[in-house]
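Commentary on secondary and tertiary structure
What follows is the residue order along each chain.
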Amino acid sequence: MNTELKHDIRVQLADYFAELKDPRQPINQMHLFHDLLVISLCAIVCGADDWEAVADYAAAKEAWLRSFLPLPGGVPAHDTFWRVFRRLDAEQFQRCFVSWVAGMVKLKPGQVIALDGKQMRRSHDRSPEPGVGHAPLHMLSAWATDNQLVLGQLRVDEKTNEITALPGLLSVLELEGCIVTLDALGTQTEVAQTILARGADYLLALKENHPLLFADTELLFSDLAAAGVRLPPTAVAREVNKDHGRIEIRQAWVVSDPEILQALQGSEKWPKLTALVKVEAERILPGKVEHNIRYYLASFPVEAQQAITLTRHHWHIENCLHWVLDIAFREDECRLRKDHGPHNFAILRHMALNLLKQDKTSKLGIKNKRLRAGWDNDYLSAVIQPFIA
């Protein structure tokens, strides 16, 4: 890397990670904090899934790392990485991450921002010592479906649930012009109000946790079907997909008449409620047929075909984020458990995933991109360019 690139990495760190404070005492520090941060990110992009692997990567790539990092004390040992990120303020790191993502990519208006939680199964600590043991870390993430980016994440306190964490995560994200989707657990009036306050619209799953509105909505669509009421063409849609030996049929119906909406029990509680959506999905597999019906609340004038697309996009957070973290990054196998260590490593994973997702020079999957980055320094340089330029 040339002198200009060395300058770029310092500018980038100063711009987006200025708030991030080194948790160590300034006396007898052998390694620069920013060196630790950059090495960790490079190592995780290249396949490292714990601090021992990060340290091994640093030792193997010392000559290359010295081309753009000072490394005054040589390459750090794995204990150094473990101690620093165990103590690093995870909330500060989270805020810096959100700022970095906002500066890296401009969101496409109208796209789905899906929010959902994921548990890191082996991050629990079963220590019997009082105040030490804790449940597995549960992370709530926001995923931009078109941009293929993690916009931010928030740790869900083990004494609460995602409902209490959702407004906190939404309040720090740039959501202007986007559509936020959530499963039924997040369908809360406070959450809806926060989404609107951020300049976005909502499409929220409606289930029995709102019994009156759910019952009226279910009855409304049943009555319309029984009476043979013809909805406007844009309020009805059907889509058939054939793939991998299965047939998927999706149908959607939309009711947006203000008088009908106002007559439903509980509808007055929902800010800017504009439409009710019914999506019916049928999956035909060899020897088996799966069928389900879902209802949604929308704060914007949604069309039926659009509703099918948006509800499908919500599940991208499972397929493109959670599944990839489990399979390509082995997140559920990570045994980091102490203090802020699991949370900070999760943020680094999200940073690495964002960089790999934004790379368009290779058509490989995420796992093979990580392998290639570990083998090819030029490819790694291209992948981490948004972080250092």
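Residues numbered from 1 in each chain as written. Predicted model: local features only at pLDDT ≥ 70, side-chain atom pairs only at ≥ 80, totals over all residues. Heavy atoms only, no water.

1. Concerning the overall build of the protein chain
The helix and strand inventory of the protein chain stands at 16 helices and nine strands. As displayed, the protein chain offers around 18,300 Å² of accessible surface, 51% of which is attributable to carbon and sulfur atoms. (Helix = DSSP H or I, 4+ residues; strand = E, 2+ residues; numbered from the N terminus. Areas by Shrake-Rupley, 256 points an atom, 1.4 Å probe, with all protein chains shown as cover.)

2. Things to note about the packing of helix α2 (residues 33-45) against helix α5 (residues 78-87)
Between α2 and α5, whose axes approach to 11 Å, the crossing angle comes to 105°. Judged on the interaxial angle alone, α5 and α2 are roughly perpendicular. Across the interface between the two elements, F33, L36, L37, I39 and S40 from α2 touch T80, F81, V84 and F85 from α5. Here the contact of α2 with α5 is composed, by residue class, of seven nonpolar, two polar and no charged. (Axes fitted to C-alpha atoms, helices over the stretch in contact; angles between N-to-C directions. Parallel < 35°, antiparallel > 145°, perpendicular 65-115°, else oblique. Contact = heavy atoms within 4.5 Å. Nonpolar A, V, L, I, M, F, W, Y, C, P; charged D, E, K, R; others polar.)

3. Focus on the pairing of strand β6 (residues 236-243)
Relative to strand β7 (residues 246-255), β6 runs antiparallel, the two sharing eight bridges. Looking at the pairing, V236 lines up with W253 of β7. Here β6 folds back onto β7 in antiparallel fashion, the turn holding two residues, of which H244 has a positive phi close to 50°. (Pairing = 2+ DSSP bridges.)

4. Focus on a negative patch on the surface
Together, D50, E52, D56 and D79 line one region of the surface with negative charge. For D50, the location among the structural elements is in the loop between α2 and α3 (51-60). (Patch = residues over 30% accessible without salt bridge, like charges linked within 9 Å, V, L, I, M, F, W, Y side chains within 5 Å. Salt bridge = Lys/Arg side-chain N within 4 Å of Asp/Glu carboxyl O. Lys, Arg positive; Asp, Glu negative; His and termini not counted. Charge placed at Lys NZ, Arg CZ, Asp CG, Glu CD.)

5. Remarks on the packing of α2 against helix α13 (residues 341-358)
The N-to-C vectors of α2 and α13 enclose an angle of 60°; their axes lie 9 Å apart at closest approach. By the angle between their directions, the pair α2 and α13 is classed as oblique. Between α2 and α13 lies a crossing whose hand is right-handed. Taken together, the residues of α13 that come into contact with α2 (itself represented by L37, S40, L41, I44 and V45) are F345, L348, R349, M351, A352, L355 and L356. Across the contact of α2 with α13, the residue classes tally to ten nonpolar, one polar and one charged. (Left-handed = near helix turned anticlockwise from the far one by under 90°.)

6. Focus: unusual backbone geometry
Positive phi, close to 45°, is recorded for L71, a residue that is not glycine. Inspection of the secondary structure puts L71 in the loop between α4 (62-65) and α5. Despite not being glycine, K272 shows a phi value in the positive range, around 60°.

7. Some words on the layout of surface pockets
Here the largest pocket defines a volume of roughly 460 Å³. For the lining of the largest pocket, the secondary structure elements donating two or more residues are β7, β8 (275-285), β9 (288-298), α11 (304-314) and α12 (316-327). (1 Å grid on protein atoms, 1.4 Å probe; cavity = no way out; pocket = protein on both sides within 12 Å on 5 of 7 lines; lining within 4 Å. Points joined across faces, edges and corners; volume = space filled by probe spheres on them.)

8. Description of the pairing of strand β5 (residues 201-206)
Counted residue by residue, β5 has six buried out of six residues, so it is predominantly covered. Neither face of β5 is open: one carries D201, L203 and A205, the other Y202, L204 and L206, and all of them are buried. Here strand β4 (residues 179-182) pairs with β5 via four bridges, running parallel. For T181, the partnering residue across the bridge sits in β5 and is L203. (Buried < 20%, exposed > 50% of the residue type's maximum accessible area, 1.4 Å probe, protein only.)

9. Structural notes on the environment of G177
Take G177: it is sitting in the loop between α7 (162-170) and β4. Look at G177 and you get partly exposed, because its relative accessible area is 36%. Each C-alpha atom of the pair G177 and P109 lies 4.9 Å from the other, and the pair is 68 residues apart in sequence. Among residues more than four places away in sequence, those in contact with G177 are P109, G110, G199 and A200.

10. Quick notes on α3
Taken residue by residue, α3 has W51, V54, A55, Y57 and A58 as its buried positions. Seen along its axis, α3 keeps its buried residues to an arc of 160°; they face one direction. Opposite the buried face of α3, at more than 90 degrees from it, the exposed residues are D56 and A60. Residues of α3 that are buried sit in contact with α2, α4, α5, α13 and α15 (377-383). One side-chain oxygen at the N-terminal end of α3 lies 3.3 Å from the backbone nitrogen of E52; it belongs to D50. (Arc of directions from axis to C-beta. Polar contact = N/O pair within 3.5 Å; in protein donor to acceptor, adjacent residues only side chain to side chain.)

11. Notes on the pattern of salt bridges
Applying the stated criterion to the full structure yields twelve salt bridges. Of the charged contacts, one joins R246 and E248 as a salt bridge, the two residues approaching to 2.9 Å between their closest N and O atoms. For R246, a relative accessible area of 27% gives the class partly exposed. For the salt bridge of E248 with R283, the shortest nitrogen-to-oxygen distance reads 3.1 Å. On the criterion of sequence distance, the pair formed by E248 in strand β7 and R283 in strand β8 is long-range, its members being 35 residues apart.

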